[in-house]
Amino acid sequence: MSLTSPEPFSVEKRVAIAAVRRACLVTCTVFNQLVRDKTDTLKKEDESPVTVGDYAAQAVINTVLRNAFPKDPIIGEEGADALRQGSNTRLRERVVSLATNALQEDLIDGEKAQWGLGSHHEHSSEALLKAIDEGNDMGGPNKRMWTVDPIDGTKGFLRGGQYAVCLSLIVNSQVVLGVIGCPNLQIYPVSPDEGKGCIFVAVRGQGAFQIALSGTGAIKLPYFPSEKSYVLQSEEPKHTNIPLIERVSDELHLTKWGMDSQAKYCCLARGEGAVYLRMPAPIVGGKQPYEERIWDHAPGSILVEEAGGKITDSEGAPLRFGLGRGMGENRGFVATVDEELHGQVVSAIKRAQSTGDA
């Protein structure tokens with residue numbers, strides 16, 4: 001018998017990897033279907049598309065979490081009200097079918113049937129809709145809670161670009177576990193023949209790793225020395241201040257690299273980029289800028305930190321994940337591969353803002 005205690009959050013890590021891996025199976029299936037049929041989308045209040053993949057992936061993740069940790073609250077992006085409408089019967093049926101198929105896939109090493117996985121588990125339509133609705137927690141400072149973003153970067157997903165399936169565990173306002181699945185990201189940046197599809201995993205105090213979607217082949221991060229100093233930024237101009245980022249990039253001689261989703265954090269963590277920069281978009285026509293949510297940054301933040309990087313808001317203040325569902329008190333996000341560069345970026349942002357030109 002071993003007298004060695006298991007590492008903290010070892011079970012949570014295995015559960016999270018299983019949930020994200022199976023959710024990625026859903027999103028890959030949905031994309032292949034969307035190539036032929038682009039009708040299965042709805043619109044959020046901000047007019048961004050929500051696909052059958054968002055709902056099915058969240059149903060999978062929440063089902064796994066609810067079976068493994070029934071007392072843990074979940075903060076998710078989607079709710080199932082739209083799926084219950086009579087006009088969305090076809091969409092609901094596809095969500096249920098996709099989620100059920102992913103949950104009933106054969107177990108692989110590290111997975112447990114008691115997490116709701118395997119062919120002997122039945123999943124009713126109502127049970128899966130209820131699982132989607134489990135993500136309605138409002139967050140807060142003194143609790144243990146999961147954040148779920150079933151498809152981060154929906155527009156990237158729809159055009160065949162980068163997107164991410166994101167999951168984190170927050171305990172008393174601190175992110176302790178992050179898992180990000182990137183089905184379209186190359187396994188090795190300079191070896192396209194090796195294929196694509198990665199899962200990135202970080203546990204507080206235990207480092208960060210990349211594994212294949214199959215759940216094998218762990219690589220400690222960072223491992224890839226980039227020949228260029230890239231600043232990773234959003235592809236979506238409504239979500240960030242592009243002119244300000246351009247001014248900072250020019251001052252620090254950084255090459256801009258646009259990418260959707262928290263895949264940017266993954267590329268930074270494995271060494272492909274030098275900086276990840278996201279600034280509040282300018283207010284246009286009185287419309288309020290995009291409000292960042294904790295699920296937008298919790299998984300990526302711990303990945304960067306455990307890979308040896310640093311992340312703060314644009315003023316150099318720590319990120320706060322205990323304010324609720326939003327991150328309104330953090331203005332902008334700066335992540336870098338090392339602390340010295342981080343200070344240079346924050347200073348460059350202040351200079352760019354003081355000129356009033358960006």
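One can find the structure itself at the top, above this paragraph.
Residues numbered from 1 in each chain as written. Predicted model: local features only at pLDDT ≥ 70, side-chain atom pairs only at ≥ 80, totals over all residues. Heavy atoms only, no water.

(A) Seen up close, the pairing of strand β7 (residues 196-203). Of all 8 residues in β7, 7 are buried; the element is thus mostly enclosed. Two strands pair when backbone bridges link them, and strand β6 (residues 174-186) and β7 are joined in this way by 7 bridges, in the antiparallel orientation. Along β7, the bridge assignment pairs Cys182 with Cys198. As paired elements, β7 and strand β8 (residues 208-212) share 5 bridges and run antiparallel to each other. In the sheet register, Phe200 faces β8, and the bridge partner there is Gln210. (Buried < 20%, exposed > 50% of the residue type's maximum accessible area, 1.4 Å probe, protein only. Helix = DSSP H or I, 4+ residues; strand = E, 2+ residues; numbered from the N terminus. Pairing = 2+ DSSP bridges.)

(B) Examining the side chain of Arg325 more closely. Within the secondary structure, Arg325 sits in the loop between β13 (310-312) and β14 (333-336). No salt bridge is formed by the buried Arg325; its nearest oppositely charged neighbour, Asp137, is found at 6.7 Å. Aside from chain neighbours lying at most four places away, what touches Arg325 is Ile75, Gly76, Gly135, Asn136, Asp137, Met138, Arg293, Ile294 and Trp295. (Lys, Arg positive; Asp, Glu negative; His and termini not counted. Salt bridge = Lys/Arg side-chain N within 4 Å of Asp/Glu carboxyl O. Contact = heavy atoms within 4.5 Å.)

(C) View of the pairing of strand β12 (residues 275-278). Alternating positions in β12 separate into two faces, Val275 and Leu277 on one and Tyr276 and Arg278 on the other, with burial throughout. As paired elements, strand β10 (residues 230-234) and β12 share 2 bridges and run parallel to each other. Residue pairing across strands places Leu232 opposite Tyr276, the latter belonging to β12. Bridge count between β12 and β14: 4 bridges; the pairing is antiparallel. Residue Val275 lies in a different strand from β14, and its bridge partner there is Thr336.

(D) The pattern of salt bridges, seen in detail. One pass over the structure, following the stated rule, counts 16 salt bridges. Note that Arg84 is salt-bridged to Asp133, the shortest N-O span being 2.6 Å. Residue Arg84 is located in the loop between β3 (74-76) and α3 (89-103), and its partner Asp133 is located in helix α4 (residues 125-133); the two are separated by 49 residues in the primary sequence. Judged by relative accessible area, Arg84 falls into the partly exposed class, the value being 34%.

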